[in-house]
Amino acid sequence: MMLAPSSALKEVVIGSNRPNNDQVLSPEMGVEKLNMKQINSVPVVFGEKDILKTITLMPGVKSGGEGNTGFYVRGGASDQNLILLDEAPVYNASHLFGFFSTFNSDAIKDVTLYKGGMPAEYGGRLSSVLDVKMYDGNAKGFTVQGGLGLIASRLKVEGPIDGGKGSFMVSARRTYIDLFLKASSDSSIKGSSLYFYDLNAKANYHFNSNNAIFLSGYFGKDVIGLKNTFGTNWGNTTGTVRFNHVFSSKLFSNTSLIYSNYNYVIQSYETDQSFKATSKITDLNFKEDFQYSASDGHHIKFGVNVLHHSIEPGDISSSADNVNARSVQQRYGLESAAYVSDDWKVSDRLNILYGVRLSDFTLLGPGSFNTFDAAGNVIATKTYNSGSAVRNYFNLEPRFSASYQLDSVSSVKFSYNRNTQNIHLLTNSNSSSPTDLYVMSSNNIKPEIADQVSTGWFRNFDDNQFEFSAEVYYKWLQNQIDYKDGAQLIANQDVESQLVYGSGRAYGLELFLKKKYGRFNGWIGYTLSRTEDKFATINNDSYFPARQDRTHDLSVVGIYQLTKRWSLSGAFVYGTGNAVTYPTGKYSVNGLTTFSYSERNGYREPATNRLDIGATLEGREHKKFHSSWTFSIYNLYGSREPYSITFRDSKTVPNTTEAVETSIFATPIPSVTWNFKF
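Cut-off values and rules
- Residues numbered from 1 in each chain as written.
- Predicted model: local features only at pLDDT ≥ 70, side-chain atom pairs only at ≥ 80, totals over all residues.
- Heavy atoms only, no water.
- Buried < 20%, exposed > 50% of the residue type's maximum accessible area, 1.4 Å probe, protein only.
- Helix = DSSP H or I, 4+ residues; strand = E, 2+ residues; numbered from the N terminus.
- Pairing = 2+ DSSP bridges.
- Core = buried A, V, L, I, M, F, W, Y, C linked by side-chain atoms within 4.5 Å.
- Contact = heavy atoms within 4.5 Å.
- Salt bridge = Lys/Arg side-chain N within 4 Å of Asp/Glu carboxyl O.
- Polar contact = N/O pair within 3.5 Å; in protein donor to acceptor, adjacent residues only side chain to side chain.
- Patch = residues over 30% accessible without salt bridge, like charges linked within 9 Å, V, L, I, M, F, W, Y side chains within 5 Å.
- Areas by Shrake-Rupley, 256 points an atom, 1.4 Å probe, with all protein chains shown as cover.

Colleague: How do you make sense of the pairing of strand β9 (residues 128-134) when you look at a structure like this?
Modeller: Looking along a regular strand, one sees the side chains alternate between the two faces of the sheet. The buried fraction of β9 amounts to six of the seven residues, a majority that puts the element mostly inside the structure. Summarising the sheet, strand β4 (residues 81-85) and β9 pair through five bridges and their orientation is parallel. Each residue of the ladder has a partner; that of Ile83, found in β9, is Leu130. In this structure, strand β8 (residues 108-114) lies alongside β9, joined through six bridges in antiparallel fashion. When the sheet's bridge partners are listed, Asp110 is paired in β9 with Lys133.

Colleague: Just checking my understanding: could you explain the nonpolar core for this structure?
Modeller: One recurring pattern in soluble globular proteins: nonpolar side chains tend to sit buried together. Core analysis: the biggest nonpolar cluster contains 31 residues, and Phe103, Ile108 and Leu130 have the highest contact counts within it. Sorting the residues of this core by element identifies α2 (36-41), α3 (51-55), β3 (71-73), β4, β8, β9 and β34 (566-575) as the ones contributing at least two each. Once you skip the residues sitting within four places of it in the chain, Phe103 turns out to touch Lys49, Ile51, Leu52, Ile83, Leu85, Ala93, Ile108, Val132 and Arg173.

Colleague: Looking at this structure, I do not really get the pattern of salt bridges. What am I missing?
Modeller: Opposite charge on two side chains permits pairing when their charged atoms draw close. Within this structure, the stated rule accounts for 28 salt bridges. For Arg173, the salt bridge goes to Asp198, with nearest N and O atoms at 2.7 Å. Taken together, the positions of Arg173 in strand β12 (residues 166-175) and Asp198 in strand β13 (residues 193-208) put the pair 25 residues apart, joining distant regions of the chain. Grouping residues by exposure puts Arg173 and Asp198 together as buried.

Colleague: I'm lost on the side chain of Gln421 in this one. Help?
Modeller: Within the fold, Gln421 resides in strand β25 (residues 410-421). Since its relative accessible area comes to 0%, Gln421 is described here as buried. A distance of 3.1 Å separates the side chain of Gln421 from the backbone oxygen of Asp79, its partner in a polar contact. Engagement of the side chain of Gln421 in a polar contact is seen with the backbone nitrogen of Leu126, the distance being 3.2 Å. Excluding residues that lie within four positions of it along the chain, Gln421 makes contacts with Asp79, Gln80, Gly124, Arg125, Leu126, Ser441, Pro447 and Glu448.

Colleague: Can you help me understand the sheet that holds strand β1 (residues 31-34) in this one?
Modeller: Pairing between the strands of a sheet is mediated by backbone hydrogen bonds and can be parallel or antiparallel. The five strands lie next to each other as β1-β8-β9-β4-β5, forming an open sheet whose pairing is mixed. With one partner strand each, in any of the chains shown, β1 and β5 (88-89) form the two edges of the open sheet.

Colleague: What am I meant to see in the environment of Ser253 here?
Modeller: Structurally, the position occupied by Ser253 is in strand β16 (residues 251-268). Separated by 149 residues in the primary sequence, Ser253 and Ala402 place their C-alpha atoms 26 Å from one another. Those residues in contact with Ser253 that lie beyond four places of it in its chain are Phe243, Asn244, His245, Phe247, Glu288, Asp289 and Phe290.

Colleague: Sorry, what's going on with a nonpolar patch on the surface here?
Modeller: Taken together, the side chains of Phe520, Tyr560, Leu562, Trp566, Leu568, Trp629 and Phe631 make up a nonpolar region of the molecular surface, amounting to roughly 610 Å² of accessible area. Secondary structure elements with two or more residues in the nonpolar patch: β34 and β40 (626-634). Structurally, the position occupied by Trp629 is in strand β40. A residue is classified by how much of its surface remains accessible, and Trp629, at 38% relative accessible area, is partly exposed.

Colleague: Would you mind going over the pairing of strand β17 (residues 275-295) with me for this structure?
Modeller: The pairing of β16 with β17 spans 18 bridges and is classified as antiparallel. Counterpart to Ser260 in the pairing with β17 is Asp283. Strand direction decides the pairing type here: β17 and strand β18 (residues 298-317), joined by 18 bridges, are antiparallel. Of the residues in β18, the one forming a bridge with Gln291 is Lys301. Counting the residues in the hairpin turn of β17 and β18 gives two residues.

In structure tokens, the structure reads:
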């Protein structure tokens, strides 16, 4: 007897790189999920792979400028981005004044940027959420990998725990520019400090199929010093304990305890000017998140979040007689939130993601709290005991997004969301700096509020090999904060008297064409936008360009697999110059020239453009060892991007003023890194 086949299964292809039309089907919009392979292929300065540099190549995301990792999303300021590392907030995500980000690419698993249509489980910032997840570690075997570069090296170790029931990962990185300074023949800098290091660690353990625990942490520090005269250090520390529990096939929970700390120290060692300035911000966070699959058409998320803030704005201590020691009162705040959202598949064509977030912020005692009038004068003072509520703000934040599928390859989408922010950055620089000052909402400072609407058309081509999107957005901003001209922000007990409050608006068009697969892949992103502020005491209460306003922003990224061992990459960027305030006149006082200024941000720096290229050579295949060489040239044709523009009296032409432009990388910067894994 013989059996004859009556049917056979067709070939099933399984893989993360399989072409899909997720961007067409998903109701989410304004979301960028970055592939770590692409991040590692994009050439960057000094060859250090950088997540923050790479996301600035996306439409709607603008770089803070050359030499820093600050970024602006859809017109928002740099402090309006919530940067999370395994759920822990990172307040200053940069090393060495912004030349490098805090994220070691060896330790990162995936990156998601929400710039619109923010899910209800996120809150606390107006413009975006950058959600960075660390690797869990290799549960199947021990591996060691790393890289040796011209100015930095990396090492990562990972492996299984208890026969594969868990895994761990430890990754470290350090720069060694200071070693070159020790060998310098210039006695003025020989022996100075200039380096950073960071450490990422993560472990997980699965007790059974329903329970698992995850532990992760980050520690990073920058150290800069000029011999025995000056020194500063700053860094972030984060820790996350997360417990996952599966109640049933429909209900899943995630419980997290999170710690985050950012601090800086500045010291002068001069005998007659010695001082030490310190500042720090500490968060303790509890989150309870649930996911419930009510049916095939409803996937519900809900949860609560309680976050305690502690801010030490800055103390100055000194043993010198001519330096005044000052101590600014520590401030405390409690942010609480509850949220619920539903991912609803209404029909085969219509998907809706809707929800709401209820947020509450309470400024807590102890301390004395001044109330200021519009001119910055104290009109009332009240003292509160520890734990007493000084001021409370309650906000309702609706979130809605929907997609309607026109056919199998295209859809239209719409979203609206409201976000509030109670932690505010006071700075007069374009990017994050170690001395940035954070303040909370208070009896003088109201929560910042943003309402954003956006709509777009999404289309895939060539069997989902290509994807295209065109999105437009409009954002209304309330309770925006700026500082008065000549404001004193550092170690000022009454720093809120130096502030002014207003509104803003941002709108724009984003175009994005991406080739996701094949020997050649990459993307083109273009943004046409406008961002404006309005303050009663600035520019006669008229709208004026915000510091981060840029009309045009273009990025072109290409990655090509030349042969099995060689791959090539390139990135070109172009952007309108920053809005800046230039002097319009000058006068002399006791022989010292003083400049006078008219309107805020009434001028533009020159437009910028730059081309970076890279190449990777994979080593010959070995059974247990793999290596590669990465070569790159940053700023291939030596374009000058202004880092700063200052004004001074001309030394050669009397009675004239000259502008002095400073560029950091005005020449091509080559780099080479050797990577290994075994």
